Amino acid sequence: MKLRHLALVATLVAASASALAQDVRDRVIKFGHLVQPGHPIALGAEKFAELVASKSGGKMKVREYGASVLGSEAQQVGALQGGVQEMFAPATTSVASLVKEMSLIDTPFSFSSAKQVDALLQGPFGQTMLKKLEDKGLVGLDYWETGFRNVTNSRKPVTSPDDVKGLKIRVMGNPLFLESFSALGTNPVPMAFGELYGALESRALDAQENPYSIVLTSKFYEVQKYMSVTNHVYTANPVLVSKKFWDRLTPDEQKILRDAAREAGAYHRALSREVAAKDRQALLAKGMQINEVPKETIAKMRETTKPVADKFAATYDPALVELYRAEMKKIHETVH
């Protein structure tokens, strides 16, 4: 830790000369997120803070506030819009309440690899969606991630579409999620995350869906025997800045934040995917049974949920839907 501190000090000193040539002022930036210390998003925020300090010669200081201490997703997004909080990294599912086309990213069974995700979000569609947020008082700098979500349950492995039918499963309270899981024949239940472990333990619920890291840190392996790798939804986390704050920054300061967010994003995404692989092994070590769901089962689930996705897409901006579909077609043909 001392060596890391000394290295950071040396970097700040080296950067200070170039920072003097920039129009950079003393700033304190509150960066909020929902996860616990050590989670890849928290580590990404720490990396971002280091990069901002380095690039600004120590003038711009990022203060990280994790574990929802600044409030819920809705509260923190509102704080950004009001200009009382500077930065936040929510899930796309919450941002979709402001720009509904963001839900296209959450379309079930869209991606078969992280490379496909990156191609969409770092490409024309993803960048267009970040730009759309400015009309809502938010500036999007990059996409971080919570990652791919998988189904766990207490009954049996999921190997065919019939295996999920009848499962009482907790899902996020997102209309697209609720209707998609209903189409699959499950009984989806929106429930506060804090109540989930108890509901699984008492068998009030059979199943839930979350990334490896959440299943591990929440100890769901104690009350769920089976995990089936559905990768049914990828959850992205756009890194947002209050537009009211952004508009007060100089062009040099804006560039520092944008560049640092992208550099920290590349670090975060690589770390997130490395941690996911380790968390999967940790769950196996805890006794959880993990199975790969056959490709033909995934294909049937995708086909079953497609009418739901099409129904929601029909209410979105047609130009954005066309861009999304064109990009996804190209990605599925060229990125594996």
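Everything that follows concerns the structure shown earlier in this document.
On a predicted model such as this, the values are computed, not experimentally measured, just so you know. (Residues numbered from 1 in each chain as written. Predicted model: local features only at pLDDT ≥ 70, side-chain atom pairs only at ≥ 80, totals over all residues. Heavy atoms only, no water.)

Trainee: Would you mind going over the packing of aromatic side chains in detail, with residue names and values included?
Mentor: Summed over the entire model, instances satisfying the criterion amount to six aromatic pairs. Pairing Phe 31 with Trp 144 gives two aromatic rings, centres 5.9 Å apart and planes at 25°, and the pair type is stacked. Pair noted here: Phe 31 is in strand S1 (residues 27-32) and Trp 144 is in strand S4 (residues 138-153), with a separation of 113 residues, a long-range link. Judged by relative accessible area, Trp 144 falls into the buried class, the value being 0%. Ring centres of Phe 111 and Tyr 234 lie 6.2 Å apart, and the angle between their planes is 75°; this geometry places the pair in the edge-to-face category. Here the residue Phe 111 occupies a position in the loop between helix H4 (92-95) and helix H5 (114-121), and Tyr 234 occupies one in strand S8 (residues 226-242), the gap between them amounting to 123 residues. In terms of burial, Phe 111 and Tyr 234 fall into one category: buried. Through pairs of rings, three or more aromatic residues link up here, namely Phe 31, Phe 48 and Trp 144. (Phe/Tyr/Trp six-rings, centres within 6.5 Å; stacked < 30°, edge-to-face > 60°. Helix = DSSP H or I, 4+ residues; strand = E, 2+ residues; numbered from the N terminus. Buried < 20%, exposed > 50% of the residue type's maximum accessible area, 1.4 Å probe, protein only.)

Trainee: With reference to specific residues and values, describe the layout of surface pockets.
Mentor: In this model, the largest pocket occupies a volume close to 1,000 Å³. What lines the largest pocket is a set of 46 residues, among which Leu 34, Thr 146, Phe 193, Asn 210 and Ile 214 lie closest to the centre. Put simply, the parts of the chain that give the lining of the largest pocket at least two residues each are helix H2 (40-55), H4, S4, strand S5 (168-171), helix H7 (175-183), helix H9 (212-217), S8 and helix H11 (251-285). Ranked by residue count, the leading element in the lining of the largest pocket is H9, at three residues. Of the residues that constitute the lining of the largest pocket, the class distribution is 22 nonpolar, 19 polar and five charged. (1 Å grid on protein atoms, 1.4 Å probe; cavity = no way out; pocket = protein on both sides within 12 Å on 5 of 7 lines; lining within 4 Å. Points joined across faces, edges and corners; volume = space filled by probe spheres on them. Nonpolar A, V, L, I, M, F, W, Y, C, P; charged D, E, K, R; others polar.)

Trainee: Describe the pairing of S5, naming the residues involved and giving the relevant values.
Mentor: In terms of strand pairing, S5 meets strand S6 (residues 187-190) through four bridges, oriented parallel. Note that in S6 the partner of Val 171 across the bridge is Pro 190. Alignment of S5 against strand S7 (residues 207-210), held across two bridges, turns out to be parallel. Looking at the pairing, Arg 170 lines up with Gln 208 of S7. (Pairing = 2+ DSSP bridges.)

Trainee: Describe the packing of H7 against helix H12 (residues 295-313), listing the residues and the values that go with them.
Mentor: Close contact between H7 and H12 brings their axes to 8 Å; oriented N to C, the two are set at 150°. The angle between H7 and H12 places the two elements in the roughly antiparallel class. Relative to H12, the crossing made by H7 is right-handed. Here H7 contributes Pro 175, Leu 176, Glu 179, Ser 180 and Ala 183 to the contact with H12, which in turn contributes Thr 304, Thr 305, Val 308, Ala 309, Lys 311 and Phe 312. Here the residues of the contact of H7 with H12 are counted per class, giving six nonpolar, three polar and two charged. (Axes fitted to C-alpha atoms, helices over the stretch in contact; angles between N-to-C directions. Parallel < 35°, antiparallel > 145°, perpendicular 65-115°, else oblique. Left-handed = near helix turned anticlockwise from the far one by under 90°. Contact = heavy atoms within 4.5 Å.)

Trainee: Please set out the packing of H2 against H11 residue by residue, giving values where relevant.
Mentor: At a minimum axis separation of 8 Å, H2 and H11 run at an interaxial angle of 150°. The angle between the axes of H2 and H11 places the two elements in the roughly antiparallel class. Of the two possible hands of crossing, H2 and H11 adopt the one that is right-handed. Mapping the contact onto sequence places Pro 40, Ile 41, Leu 43, Gly 44, Lys 47, Phe 48, Leu 51, Val 52 and Lys 55 in H2 and Ile 256, Leu 257, Asp 259, Ala 260, Ala 261, Glu 263, Ala 264, Tyr 267, His 268, Leu 271, Ser 272 and Val 275 in H11.

Trainee: Go over H5 with me, naming the residues and quoting the values.
Mentor: Listing the buried residues of H5 in full gives Gln 116, Val 117, Leu 120 and Leu 121. Along H5, the residues classed as buried sweep out an arc of 125° about the axis, all on the same side. (Arc of directions from axis to C-beta.)

Trainee: So what about the environment of His 232? Which residues, and what values?
Mentor: In this structure, His 232 sits in strand S8. Its relative accessible area of 3% is what places His 232 among the buried residues. Sequence-wise, His 232 and Gly 185 are 47 residues apart; in three dimensions their C-alpha atoms are separated by 15 Å. Residue contacts for His 232: discarding those within four places in its chain leaves Thr 107, Pro 108, Phe 109, Arg 149, Asn 150, Val 151, Phe 181 and Glu 209. Of the polar contacts made by the side chain of His 232, one reaches the side chain of Glu 209; its length is 2.9 Å. (Polar contact = N/O pair within 3.5 Å; in protein donor to acceptor, adjacent residues only side chain to side chain.)

Trainee: Quick one: what's the story with the environment of Glu 50, residue by residue and with numbers?
Mentor: Structurally, the position occupied by Glu 50 is in helix H2. Residue Glu 50 is classed as partly exposed on the basis of its relative accessible area, which comes to 22%. With 98 residues separating them along the chain, Glu 50 and Phe 148 place their C-alpha atoms 27 Å apart.

Trainee: So what's going on with the nonpolar core? Residues and values would help.
Mentor: Counting residues in hydrophobic clusters, the biggest one holds 34 residues, and the most contacted among them are Met 102, Leu 120, Leu 121, Leu 133 and Tyr 143. Mapped onto this core, the elements with two or more residues apiece are helix H3 (73-82), H5, helix H6 (124-132), S4, S8, H12 and helix H13 (318-334). The element that contributes the greatest number of residues to this core is H13, accounting for five residues. Beyond its immediate sequence surroundings of up to four residues, Tyr 143 is in contact with Met 102, Ile 105, Leu 121, Gln 122, Gly 126, Gln 127, Met 129, Leu 130, Ala 236, Asn 237, Pro 238 and Arg 269. Ranked by size, the runner-up nonpolar core spans 25 residues in total, among them Ala 89, Val 139, Leu 141 and Trp 246. (Core = buried A, V, L, I, M, F, W, Y, C linked by side-chain atoms within 4.5 Å.)

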